[in-house]
Amino acid sequence: MSRQSPRQQSQRRDEDVAISIRDVSVTFEMDRGSANVLNGVDLDVERNELLGVVGESGSGKSMLASSMLDAVEEPGQVEGEITYYPEEGEPVDILDLSDDELKRLRWEEISMVFQGALSSFNPTMKVGKHFEETLTAHDADVSTGMDRARELLSDLYLDPDRVLDSYPHELSGGMSQRALIALSLVLDPEILVMDEPTAALDLLMQRSILSLLDDLQSKHDLTVVFITHDLPLVAGLADRLCVLYAFEVAERGPTDAVVEEARHPYTRALLKAVPNLDAPLESMKPIEGTAPDPVNIPRGCTYAPRCPLADETCHKNDPELRPVDHPDHDAACHHWEDAANAVSFDADELEGKP
C-alpha cells in the first residue's frame with residue numbers, strides 16, 4: 001500500500017491513533033456553483049475507542065465517513081490527508097491508494113455499515129452467499145471465513161443456519177441489520193465505520209444493537225466510528241463525541257464533557273431539542289432556522305444566523321477550534337464561556353445518558 005507523504009512523515013503520532021484526518025474537505029461542482037460539503041476537518045480516531053460523530057442531516061457526517069475509505073462518489077473531490085495507522089506495518093495514505101489497494105483496505109482493514117440493510121444486500125442472493133462472495137473477492141479461505149461468520153452471527157444473537165440460508169427479505173429489520181454487521185466483520189477489520197446503522201429501526205432494537213456492539217467491540221478489539229443524528233443514542237456508549245455543524249467540527253471531546261459541559265451553542269441546542277418523555281414539553285426546543293446552503297456558506301461563524309450569542313465578531317470571523325476547560329475538549333465558538341447561560345438544559349434528563 002502507498003506510504004506517507006513527506007509532510008505526514010514529519011508529523012509525530014500518538015501511538016493510540018488509528019486514523020488521522022487533517023484539513024479534509026469535500027467539494028462537488030454544481031450548475032449553481034461549488035458545493036463544499038466537508039470543510040477543513042481535523043480529527044483523530046483513537047485505537048479501540050467508540051467515537052460518536054453527531055449532527056443534523058446535511059451536516060457532513062456521511063461525507064466524513066465516505067472520505068475515511070476514499071469512497072466519495074464522483075464528481076465529489078476529496079482534499080487533505082487521511083492516514084491509517086495499522087497495528088502492524090507502515091502508515092497508509094488512504095487518499096493515495098490505487099484501486100487494488102483500496103479494495104484490500106476496505107473490508108480487510110476498515111469496514112463500513114450503511115443505513116438500511118435491505119439496500120446493502122442483493123435481494124436475489126441468500127445471506128450466506130453474500131458472505132461467501134466477500135471472502136472469495138478478498139482471497140480469504142471460505143471455510144475458515146464461514147466459521148467466523150457463524151461465530152459473529154451467534155455473538156449477535158442470531159441463528160447462523162437460519163440467517164445464512166435466508167434471503168434478505170425473509171429477515172426482520174433488526175435481524176438483517178445485525179447480519180450486515182456480521183458481514184462487515186467477517187474479514188476481521190481493525191476499524192468499523194457505521195453510518196446511521198440503526199436509523200430505520202425502532203428504539204428498542206436500536207438499544208439492543210448498541211448493546212451488542214459494545215460486546216463485539218470488546219471481544220474483537222474493534223475501533224468504531226458511529227455516525228448518527230441522535231446524540232443521546234450514542235452518548236451512553238461512546239468514549240468521545242465529535243459534533244459537526246455545516247460541514248465543520250463544532251465541538252469534540254470526551255463524552256461526559258461534551259454532554260454535561262457542552263461549550264458550543266449548537267451542541268447545547270442539539271441536546272435541548274432531543275425528545276424525552278420524562279421531560280416537560282416546554283423544556284424541549286427545536287433549533288430555529290436552517291443550516292447553511294453548501295454553495296453559499298456565510299462569512300464568519302456558520303452557526304451565527306441561528307445563535308443567540310452571535311454578535312458582529314461572529315458574523316465576520318470564523319472561530320477556531322480551541323481547547324475549552326481542559327486540553328481534550330475543543331469547541332469552535334468565540335463565546336464558549338457564555339454558552340451555558342445562553343442555552344440551558346438538564347443533562348441528567350437525556351434519554352440514553354448512562
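Description of the structure in this document. Within each chain, residues carry numbers counting from 1 in the order of the written sequence. Given that this is a predicted model, residues contribute local features only at a pLDDT of at least 70 and side-chain atom pairs are listed and counted only at 80 or more, while totals for whole chains, interfaces and linings are drawn from all residues. Remark: hydrogens and water are excluded; side-chain values derive from all non-hydrogen atoms of the structure.

**Let's talk about the nonpolar core**
Stage number 1. Within this scheme, the nonpolar core is defined by two criteria: the residues are buried Ala, Val, Leu, Ile, Met, Phe, Trp, Tyr or Cys, and they are joined through side-chain atoms within 4.5 Å. Between buried and exposed lies partly exposed: a residue is buried under 20% and exposed over 50% of the maximum accessible area for its type, with that area taken using a 1.4 Å probe on protein chains only. By size, the foremost hydrophobic cluster in this structure holds 64 residues, and its most contacted members are Phe 131, Leu 213 and Phe 226.
Stage number 2. Helical segments are the DSSP runs of H or I of at least four residues, strand segments are the runs of E of at least two, and each set is numbered from the N terminus. Ranked by residues supplied to this core, first place goes to helix H8 (residues 173–185) with 7 residues.
Stage number 3. If we ignore the near neighbours within four places in the chain, the residues touching Phe 226 are Leu 50, Leu 51, Gly 52, Val 53, Met 194, Pro 197, Thr 198, Leu 210, Leu 213, Leu 233 and Val 234.
Stage number 4. Ranked by size, the runner-up nonpolar core spans 33 residues in total, among them Tyr 84, Leu 102, Leu 105 and Met 112. Between two residues, a contact is recorded if the distance between any of their heavy atoms is within 4.5 Å.

**Re the pairing of strand S8 (residues 223–228)**
Stage number 1. The buried fraction of S8 is high, at 6 of 6 residues.
Stage number 2. Burial along S8 is two-sided: the face carrying Thr 223, Val 225 and Ile 227 and the face carrying Val 224, Phe 226 and Thr 228 are both buried.
Stage number 3. Any two strands between which DSSP finds at least two bridges are classified as paired. With 5 bridges connecting them, strand S3 (residues 50–54) and S8 associate as parallel partners. Residue pairing across strands places Val 54 opposite Thr 228, the latter belonging to S8.
Stage number 4. Alignment of strand S7 (residues 191–195) against S8, held across 5 bridges, turns out to be parallel. Bridged to Ile 191 within S8 is Thr 223.
Stage number 5. Call a crossover right-handed when, viewed with both strands pointing away from you, the route from the first strand across the helix to the second goes clockwise. Once the chain exits S7 it traverses helix H9 (residues 203–220) before rejoining the sheet at S8, and the crossover so formed is right-handed.

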